[in-house]
Amino acid sequence: MTMATFLVRADTLVVTWADTTSTSFPTIWLRDNCPSGLHPQTHERLLDLLALDVSPVLSSAQLDGGNVVLRYEDGHTSHMPVALLSAHRPGHPTADAGAILPQLWRAEMTAAVVPRHSATAILADAPSLKAWMQDTAKFGVSIVDHLDDRTSAGMEVAQRIGFLRETNFGSTFEVINKPDPNNLAYTSVALPLHTDLPNQEVPPGYQFLHCLANEATGGGSLFADGFAMAEDLRNEDPEAFRLLCDVPVPFRFHDGTADIRVHEPVITLDRSGRVVEIRFNAHLAGIFDMPSEIMPDYYRAYRAYMAKTRDPEYRLTLKLKGGEMVVFDNRRVLHGRDSFDPSTGYRHLHGCYVDRGEFTSRLRLLARDANPSKAA
Ligand code: OGA
Ligand code: ZN
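I will try to describe carefully the structure that is included in this document. (Residues numbered from 1 in each chain as written. Chains lettered and ligands numbered in written order. Predicted model: local features only at pLDDT ≥ 70, side-chain atom pairs only at ≥ 80, totals over all residues. Heavy atoms only, no water.)

**Let's talk about the coordination of the zinc ion (ligand 2)**
Next, step 1: Of the protein atoms, only H194 (NE2), D196 (OD) and H335 (NE2) coordinate the zinc ion (ligand 2), at distances of 2.1 Å.
Next, step 2: All donors of the zinc ion (ligand 2) come from a single chain, and their spacing in sequence reads H-x1-D-x138-H. With a gap of 141 residues between them, H194 in strand β10 (residues 191-194) and H335 in strand β20 (residues 333-337) connect regions that are remote in the sequence. Just as H194 is buried, H335 falls in that class too. (Donors = N, O, S within 2.8 Å, 3.2 Å for Na, K, Ca; no water. Helix = DSSP H or I, 4+ residues; strand = E, 2+ residues; numbered from the N terminus. Buried < 20%, exposed > 50% of the residue type's maximum accessible area, 1.4 Å probe, protein only.)

As structure tokens, this is what we get:
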């Protein structure tokens, strides 16, 4: 956006933009963000904020091509790009290609309409990778098909995004019916809707479940948008919603080699009140330890959310086929499966995780490649 006029005050530069809106930039902010304070290669800040006066004085401002030349009373001069001022207006969030607004879904999300993308295309070109990632971020779930019939094929698609998240189950994990399981997923029993590893300080972000074989009777997959269920609860029963946001509950996983625990609420909001995370896993919930006075109300709230996880109104069901991989935001979309009968056929999923930070970083890099002038 181009700058129309500006007004210089000792403690503020007031810019009026071509669209007649105006922005106040405090002088201390202008000095803190002077491009001369950055390392020329890394663009990291070298400036020592404490070396500045707490109230530096702005003396003059002059437009010079794409820069505003700012002079200060202590003799310092800044060449401040207008583009930087336009992109970083105090009080307004900076545009972010990694921030994709969730589009909530309920039962209208069916196997026929869930976003589908081809592994061949994702592996071959950046626009296909980006289109898949944008769909996955928006809906919290997608299917990748045409995967090779190799155990590592799903992981290779996940690594197009970034580093895998290693957990106590390894960098990748085999979901098969095992003789000595340390996790219900490694049996043939039904798994009600849940998020994985809510017992971790930061639960894994995106989850990838590559289906190598699904020939047993049963073993269908189910999903539900945890954000949609939370928003509906917020409308229907605000007090229950508040308890699920405010009261931390224990989550715990333990076996012979690990005992990993946290106390966190079921619903996490950001500072603006938007739902940003769901932790829900009936198997890994520890023994509730909130004060007994609030326990009955808490149980009512917890059961209200749990009832939604059983309500077909929210459910997406599908049966994965060999060569397909389901990908979902494990901190938003709950997943589960029907029980299966291992005597009727083989079922084998290969799983891994990539954290949200890796995911949003890749989205920003893909946006930067498509539009190099927006690199900053
Ligand atoms: C898991 C899981 C689902 C399935 O491994 O965490 O939930 O379909 N698996 O087996
Ligand atoms: Zn799971």
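**With respect to the pairing of strand β6 (residues 77-81)**
Every other side chain in a regular strand lies on the same face of the sheet, so the side chains alternate between the two faces.
Next, step 1: Burial along β6 is one-sided: S78 and M80 are buried, while T77, H79 and P81, pointing the other way, are not.
Next, step 2: Of the pairings in the sheet, the one linking strand β5 (residues 67-72) to β6 comprises five bridges and is antiparallel in character. Residue V68 lies in a different strand from β6, and its bridge partner there is M80.
Next, step 3: Turn length for the β5-β6 hairpin, with the two strands adjacent in sequence and antiparallel, is four residues, and the turn residue G75 shows positive phi of about 100°. (Pairing = 2+ DSSP bridges.)

**Quick look at the state of the cysteines**
Next, step 1: Under the criterion given, the structure shown has zero disulfides.
Next, step 2: C352 takes part in no disulfide bond, and the closest cysteine sulfur to it belongs to C211, at a distance of 14 Å.
Next, step 3: You can call C352 buried: its relative accessible area is 2%. (Disulfide = S-S within 2.5 Å.)

**Overview of the side chain of R31**
Next, step 1: As for its placement among the helices and strands, R31 is situated in helix α1 (residues 27-32).
Next, step 2: For R31, a relative accessible area of 7% translates into the label buried.
Next, step 3: The contact partners of R31, leaving out residues within four places of it in the chain, are L47, L52, P56, Y72, D74 and H76. (Contact = heavy atoms within 4.5 Å.)

**Remarks on the pattern of salt bridges**
Next, step 1: Tallied over the full model, the rule gives 20 salt bridges.
Next, step 2: Between R261 and D259 there is a salt bridge whose closest N-O contact spans 3.0 Å.
Next, step 3: Assessed through its relative accessible area of 40%, D259 is described here as partly exposed.
Next, step 4: Connected through shared salt-bridge partners, R116, D145 and E324 make up one network. (Salt bridge = Lys/Arg side-chain N within 4 Å of Asp/Glu carboxyl O.)

**A word on the sheet that holds strand β2 (residues 12-17)**
The strands making up a sheet associate through hydrogen bonds between their backbones, and the pairing can be parallel or antiparallel.
Next, step 1: If you walk across this open sheet you meet the three strands as β1-β2-β3, and the pairing is antiparallel. Because the sheet does not close on itself, it has two edges, and the strands there are β1 (3-9) and β3 (22-26). Strand-to-strand, the axes of this sheet are offset by a mean angle of 20°, without reference to chain direction.
Next, step 2: Of the pairings in the sheet, the one linking β1 to β2 comprises six bridges and is antiparallel in character. The residue bridging F6 from the neighbouring strand is V15, located in β2. (Axes fitted to C-alpha atoms, helices over the stretch in contact; angles between N-to-C directions.)

**Some remarks on the packing of aromatic side chains**
Next, step 1: As enumerated under the stated definition, the model contains 12 aromatic pairs in all.
Next, step 2: Judged by centre distance (5.3 Å) and plane angle (40°), the rings of F25 and W29 are tilted.
Next, step 3: Pairing F288 with Y299 gives two aromatic rings, centres 5.2 Å apart and planes at 40°, and the pair type is tilted. Taken together, the positions of F288 in the loop between β17 (275-278) and α8 (295-310) and Y299 in helix α8 put the pair 11 residues apart, joining distant regions of the chain.
Next, step 4: Members of the aromatic cluster, connected to one another through ring pairs, are F280, F288, Y298, Y299, Y302 and Y305.
Next, step 5: Above the plane of the ring of Y72 lies R31, whose end atom (NZ or CZ) is 4.8 Å from the centre. (Phe/Tyr/Trp six-rings, centres within 6.5 Å; stacked < 30°, edge-to-face > 60°. Lys NZ or Arg CZ within 6 Å of the ring centre and 35° of its normal.)

**A look at the sheet that holds strand β8 (residues 141-145)**
Next, step 1: An order of β7-β8-β19-β11-β22-β9 is seen for the six strands of this open sheet, with the pairing classed as mixed. A single partner strand is all that each edge strand has here, and the edge strands are β7 (116-118) and β9 (172-175). Between one strand and the next, the sheet's axes are offset by a mean angle of 25°, whatever the strand orientation.
Next, step 2: Sheet contacts for helix α4 (residues 126-139): β7, β8, β11 (206-214) and β19 (324-329); angle to β8, the most-contacted strand, approximately 145°.

**Some words on unusual backbone geometry**
Next, step 1: One non-glycine residue, H43, adopts positive backbone phi at about 60°.
Next, step 2: Its location among the elements puts H43 in the loop between α1 and β4 (58-64).
Next, step 3: Positive phi outside glycine occurs at H146, with the angle close to 60°.
Next, step 4: Checked against the element boundaries, H146 lands in the loop between β8 and α5 (153-158).
Next, step 5: For H146, a relative accessible area of 56% translates into the label exposed.

**Points about the packing of helix α6 (residues 226-236) against α8**
Next, step 1: The contact between α6 and α8 brings their axes to 10 Å, and the two run at 130°. Viewed along their axes, α6 and α8 adopt a mutual orientation that is oblique. For α6 against α8, the interelement crossing comes out right-handed. Counted together, G226, M229, A230, D232, L233 and E236 of α6 and A304, Y305, K308 and T309 of α8 form the full contact between these two elements.
Next, step 2: In the contact of α6 with α8, the residues fall into five nonpolar, two polar and three charged. (Parallel < 35°, antiparallel > 145°, perpendicular 65-115°, else oblique. Left-handed = near helix turned anticlockwise from the far one by under 90°. Nonpolar A, V, L, I, M, F, W, Y, C, P; charged D, E, K, R; others polar.)

Note that all results are geometric; they support no functional claim without further evidence.
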